[in-house]
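# Examination of the molecular architecture
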Amino acid sequence: MKSLCCIFDLDGVLVDTAKYHYLAWKRLAATLGFDFSEQHNERLKGVSRMASLDILLEVGGIKGLPEEEKRDLAEKKNTWYVAYINRMTPSEILPGVLDFLHQLKAAHVKTALGSASRNAPLILKRTGLACFFDAIIDGNTITRAKPDPEVFLLGAQALDASAGRCIVFEDAAAGVEAALRAGMKCVGVGNPNLLHKATMVVPGFENLIWEELKSSLITLKN
Ligand code: BG6
Ligand code: MG
């Protein structure tokens, strides 16, 4: 069998930036006069910045804002978000991630990043994760947001791998759908109730053994 490749989402999979996105969106909602719960925030995971803003405005019952005003609001949220991630350190890499990435390196498995975030380069720099990836596809490269499969198809292309050889790691329902639409297997990372469409779900990377995961995935359908 040909070797497999791994494509990783960033926010909520390798680093816990989902909490910073939430804090910044919540702050924006507060300035607009409504509360934004963690449950609402779940709908924003994996979704592009502008699509996230649209969901937030829908939650707040705010309709018909001009595009320019929406761009200003998204910019405001991003400024707060960047202030958080500018202070990130490698200690914020999620448990078990570094060990798993080292296992892949030792097994000569090619890896790509497949993130919707335009801030991915800054996060990779702050955490020192960039060196683990053979290709980086992020919000600055893509034209269509998850659940569109573009980000993962570009990742496969950059690794010179067919979709059937790629395994995607995702924490968001929109990302799981994108991976499956790309014709890839998907390991959901997090809550099985939210990620039930994934090929399989793991709680995180702690104690995850690549060879064991690979054997399980080979027997499962997308
Ligand atoms: C995804 C996050 O990775 O990136 C989303 O899960 C976020 O919550 C999206 O909206 C875009 O991120 P950014 O950093 O470009 O605003
Ligand atoms: Mg994510």
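The sections below set out a description of the structure shown in this document. Note that the structure is predicted; figures quoted are calculated from it, not measured.

About the criteria used
- Residues numbered from 1 in each chain as written.
- Chains lettered and ligands numbered in written order.
- Predicted model: local features only at pLDDT ≥ 70, side-chain atom pairs only at ≥ 80, totals over all residues.
- Heavy atoms only, no water.
- Helix = DSSP H or I, 4+ residues; strand = E, 2+ residues; numbered from the N terminus.
- Rg over C-alpha atoms; globule rule 2.2 N^0.38 Å.
- Buried < 20%, exposed > 50% of the residue type's maximum accessible area, 1.4 Å probe, protein only.
- Contact = heavy atoms within 4.5 Å.
- Areas by Shrake-Rupley, 256 points an atom, 1.4 Å probe, with all protein chains shown as cover.
- Donors = N, O, S within 2.8 Å, 3.2 Å for Na, K, Ca; no water.
- Expected span 1.5 Å × (residues − 1).
- Core = buried A, V, L, I, M, F, W, Y, C linked by side-chain atoms within 4.5 Å.
- Domains from an automatic or database assignment.
- Near = heavy atom within 4 Å.
- Polar contact = N/O pair within 3.5 Å; in protein donor to acceptor, adjacent residues only side chain to side chain.
- Nonpolar A, V, L, I, M, F, W, Y, C, P; charged D, E, K, R; others polar.
- Lys, Arg positive; Asp, Glu negative; His and termini not counted.
- Salt bridge = Lys/Arg side-chain N within 4 Å of Asp/Glu carboxyl O.
- Phe/Tyr/Trp six-rings, centres within 6.5 Å; stacked < 30°, edge-to-face > 60°.
- Lys NZ or Arg CZ within 6 Å of the ring centre and 35° of its normal.

Looking now at the overall build of the chain. Secondary structure assignment for the chain yields nine helices and six strands. Taken against the 2.2 N^0.38 rule, which gives 17 Å for 222 residues, the C-alpha radius of gyration of the chain at 17 Å falls within 12% of a compact globule. When its C-alpha atoms are laid out on the principal axes, the chain stretches across 55 × 35 × 30 Å. Out of the 222 residues in the chain, the part that is buried amounts to 48%. Sequence-distant contacts in the chain: of pairs separated by 6 or more residues, those separated by 24 or more amount to 63%. Accessible surface computed for the chain: about 10700 Å², of which carbon and sulfur atoms make up 52%.

At 2.0 to 2.1 Å from the magnesium ion (ligand 2) lie its protein donor atoms, namely Asp 9 (OD), Asp 11 (O) and Asp 171 (OD). Of note, the donors binding the magnesium ion (ligand 2) are all from one chain and are spaced D-x1-D-x159-D. With a gap of 162 residues between them, Asp 9 in the loop between β1 (5–8) and α1 (18–31) and Asp 171 in the loop between β4 (166–170) and α8 (173–181) connect regions that are remote in the sequence. Taken individually, Asp 9 and Asp 171 each receive the classification buried, so the pair is uniform in this respect.

To continue, consider α1. With 14 residues, α1 should cover 20 Å at 1.5 Å per step; its first-to-last C-alpha distance of 20 Å lies within 8% of that length. Three or more residues of α1 are buried, namely Ala 18, Tyr 20, His 21, Tyr 22, Ala 24, Trp 25, Leu 28 and Ala 29. Packing partners of the buried residues in α1 comprise α2 (38–42), α3 (49–59) and α4 (67–85). At the exit of α1 stands Gly 33, carrying a positive phi of roughly 95°.

Turning our eyes to something else, we now look at the nonpolar core. Nonpolar side chains in soluble globular proteins generally cluster together in the buried interior. In this structure, Phe 8, Phe 169 and Leu 213 are the most contacted members of the largest nonpolar core, which totals 50 residues. A per-element tally of this core places α1 first, with six residues. The two domains that each donate at least three residues to this core are domain 1 (5–16 + 90–218) and domain 2 (18–85). Setting aside chain neighbours within four positions, we find Leu 213 in contact with Phe 100, Phe 169, Val 187, Met 200, Val 202 and Leu 208.

Surrounding ligand 1, one finds 14 residues, the nearest of these being Asp 11, Val 47, Ser 117, Arg 118 and Asn 119. One of the backbone nitrogen or oxygen atoms of Gly 46 is found 2.8 Å away from an oxygen atom of ligand 1. Within the side chain of Ser 117, a nitrogen or oxygen atom sits 2.6 Å from an oxygen atom of ligand 1. The protein chains hide 96% of the 390 Å² of surface that ligand 1 would expose on its own. The class makeup of the residues in the shell around ligand 1 is four nonpolar, six polar and four charged.

Before going further, it helps to examine the side chain of Lys 185. Along the polypeptide, Lys 185 turns up in strand β5 (residues 185–189). Among buried Asp, Glu, Lys and Arg side chains, Lys 185 stands out as unpaired, with Glu 211 the closest opposite charge at 14 Å.

All told, the structure shown has nine aromatic pairs when counted by the stated rule. Seen in terms of ring centroids, Phe 100 and Trp 210 are 6.3 Å apart; in terms of plane orientation they differ by 75°. Their pairing is edge-to-face. One end of the pair, Phe 100, is in helix α5 (residues 97–106); the other, Trp 210, is in helix α9 (residues 210–219), with 110 residues separating them in the sequence. Each member of the pair, Phe 100 as well as Trp 210, is classed as buried. Ring geometry for Phe 169 versus Phe 205: centroids 5.6 Å apart, planes at 40°, classification tilted. Taken as a pair, Phe 169 in strand β4 and Phe 205 in the loop between β6 (200–202) and α9 lie far apart in primary sequence, 36 residues in all. Of the residues examined, Phe 205 reaches a relative accessible area of 2% and is grouped as buried. Three or more aromatic residues joined by ring pairs form one cluster here, namely Phe 8, Phe 100, Phe 133, Phe 169, Phe 205 and Trp 210. In this arrangement the basic side chain of Lys 77 is found over the ring face of Tyr 81, its NZ or CZ atom lying 4.6 Å from the centre.

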